[in-house]
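Tertiary structure, described
Letter by letter, the chains look like this.
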Amino acid sequence: MKKTLKMALAASVLTMPAMASNLENPLYLPSSGEFYSKTGAGVMYKKTDDTLVNKIKDHAGATEFPIWRLQEDFGYGITDRLAIRGAFAYTQANDIDRKGLNHGRAGLIYRALDFGDGTVFDVYADAHLGGVNKMRGAYIPVNPPVGYFQYDNYSNGRWGADVGVRFGKTWSKLTTSAFFEVLQTFGNNNNVIDISRLVPMLTGLPEEISVNLKSTTEYNAGLNAFYQLDDRWSLGGGFKYSHHADNGVKSLATSLSPDLSAAEKQKVDSLIDSLSDMNDGFDEYIVSLSVANQLTDYVQVALYGEYTFDTAHEQSQNGSDIKAEVGIRLNLAF
């Protein structure tokens, strides 16, 4: 009986999963058969800048707080060098009545090179899931056809693809890394725009329309550093640059009423033409810091903070004078 118990105990120890690597490490990759989850909850404070559209909205210098942010990253190791992964993020800003998914992707990451001295090189490709939800909002005329969009959600309504590279090196307790990625979105008409405020000016129009948006090319790049203080504690820091391209309307997707007069059709054409380049792009420069504690072999908690500097085009509603976020992450691996 004792011999049987010893053999069973030994077998159970051998079949237990090994302690997970630190999920806060920027070069983390799950091993074969390992599942991981990183769930973040944060609150953001924002003070808007004085772009033209914010002035028109009488929203320049306005405070938006609290802005609630939820994030989920997860993945599974197919082999020790290949993993499937996904990421989603949700934002709710009650001050501007805007909420919804603001980020979504799913794909594969592959460790193409491992030099054995701590230096690695990864490649990855993800589907951009901006089309999961329609882009929704209202067109607010100011001096028709001039006006602006009042967004209801954060979706761009477009599908696309991310491709990128990640590389870095680990020296004992210190890890440094860098990444670069390109996002290509594909134009479509996955949107619903409320134009009811235009209807009294242009009789014969429906109260909601869809438009064909242009494709865009965006990119992200960043540097990260990570230090393992001891078996439980670790520190992280990073810098990320994100370029968000100008959006543009290519054409009207909704069929117009045949009763619309030639003059009214001309006004609709002028409206569409005025939106061909929405001049709403912006660039972000994000600095982040984190501290993490390994509670158990498979559970980790991290506190993080981010501060964003940005420059925004005149029609952008995403620019800010102050943008700061703090939050907590729960990391699991098994």
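Just so it is clear, the structure is predicted and the values come from calculations on it, not from any experiment. (Residues numbered from 1 in each chain as written. Predicted model: local features only at pLDDT ≥ 70, side-chain atom pairs only at ≥ 80, totals over all residues. Heavy atoms only, no water.)

**Thoughts on the overall build of the protein chain**
Short version of the rule: The numbering of helices and of strands both runs from the N terminus, where a helix is a DSSP run of H or I of at least 4 residues and a strand a run of E of at least 2. Computed with the Shrake-Rupley method and a 1.4 Å probe, the accessible areas treat only the protein chains shown as cover for residues. The charge count treats Lys and Arg as positive and Asp and Glu as negative. His and the chain ends do not count. Charge positions are represented by NZ for Lys, CZ for Arg, CG for Asp and CD for Glu.
Along the protein chain, the regular secondary structure elements total three helices and 18 strands. Its C-alpha atoms give the protein chain principal-axis dimensions of roughly 90 × 40 × 40 Å. Accessible surface, the protein chain: about 17,100 Å² in total, of which carbon and sulfur atoms supply 60%. Across the protein chain, the mean location of the 30 positive side-chain charges is 7 Å away from that of the 39 negative side-chain charges.

**Here's the deal with unusual backbone geometry**
Glycine aside, a negative phi is what most residues show, and trans is what most peptide bonds show. At the junction of phenylalanine 65 and proline 66, the peptide bond is cis and its omega measures out at 0° in the coordinates. Checked against the element boundaries, proline 66 lands in strand β2 (residues 63-77).

**Here's the deal with the sheet that holds strand β13 (residues 216-228)**
Test applied: Should DSSP find at least two bridges between two strands, the strands are regarded as paired. Between N-to-C directions, angles cover 0 to 180 degrees, with each direction set by a line fitted to C-alpha atoms, over the stretch in contact for helices.
The 12 strands are arranged β1-β2-β3-β4-β5-β8-β9-β13-β14-β16-β17-β18 in a closed barrel whose pairing can be described as antiparallel. Here the average twist between neighbouring strands, direction ignored, is 20°. As judged from the 13 bridges shared by strand β16 (residues 282-294) and strand β17 (residues 299-312), these two strands associate in the antiparallel manner. Residue pairing across strands places phenylalanine 282 opposite alanine 312, the latter belonging to β17.

**Quick notes on the packing of aromatic side chains**
This is how the line gets drawn: Two rings from Phe, Tyr or Trp (for Trp, the six-membered ring) form a pair when their centres sit within 6.5 Å of each other. Planes less than 30 degrees apart are called stacked, planes more than 60 degrees apart edge-to-face, and all others tilted. Throughout, exposure labels follow a simple rule: accessible area from a 1.4 Å probe, protein chains only, divided by the maximum for the residue type, with under 20% read as buried, over 50% as exposed, and the rest as partly exposed. Placement of a positive charge over a ring is assigned whenever Lys NZ or Arg CZ falls within 6 Å of the ring centre and within 35 degrees of the normal to the ring plane.
Under the definition given, this model contains 11 aromatic pairs. Ring centres 6.0 Å apart and planes at 35° place the aromatic pair phenylalanine 149 and tyrosine 151 in the tilted group. Note on tyrosine 219 and tyrosine 241: the rings are 6.2 Å apart at their centroids and 50° apart in plane angle, and the pair reads as tilted. Placement of tyrosine 219 in strand β13 and of tyrosine 241 in strand β14 (residues 233-244) is noted, with a sequence separation of 22 residues between them. On the basis of relative accessibility, which here comes to 33%, the residue tyrosine 219 falls in the partly exposed class. Taken together, the ring pairs connect Phe180, Tyr219, Tyr241 and Tyr285 into an aromatic cluster. In this structure, arginine 85 is placed above the aromatic ring of tyrosine 124, and the distance from its NZ or CZ to the ring centre is 4.5 Å. Above the face of the tyrosine 154 ring, arginine 98 is positioned so that its terminal group lies 4.3 Å from the ring centre.

**Points about the environment of aspartate 269**
Following the sequence through the fold, aspartate 269 ends up in helix α3 (residues 262-274). Given the relative accessible area of 49%, aspartate 269 is considered partly exposed. When the C-alpha positions of aspartate 269 and asparagine 212 are compared, they lie 13 Å apart, and in sequence the two are 57 residues distant.

**Some details on the pairing of strand β8 (residues 159-171)**
As defined by bridge partners, strand β5 (residues 119-128) adjoins β8 across 10 bridges and the pair is classed as antiparallel. Residue pairing for β8: aspartate 122 is matched across the bridge by arginine 166. Judged from the 13 bridges that link them, β8 and strand β9 (residues 174-186) form a sheet pairing that is antiparallel. The partner of tryptophan 171 across the bridge, within β9, is leucine 174. Joining the antiparallel neighbours β8 and β9 is a turn of two residues, in which serine 172 adopts a positive phi near 50°.

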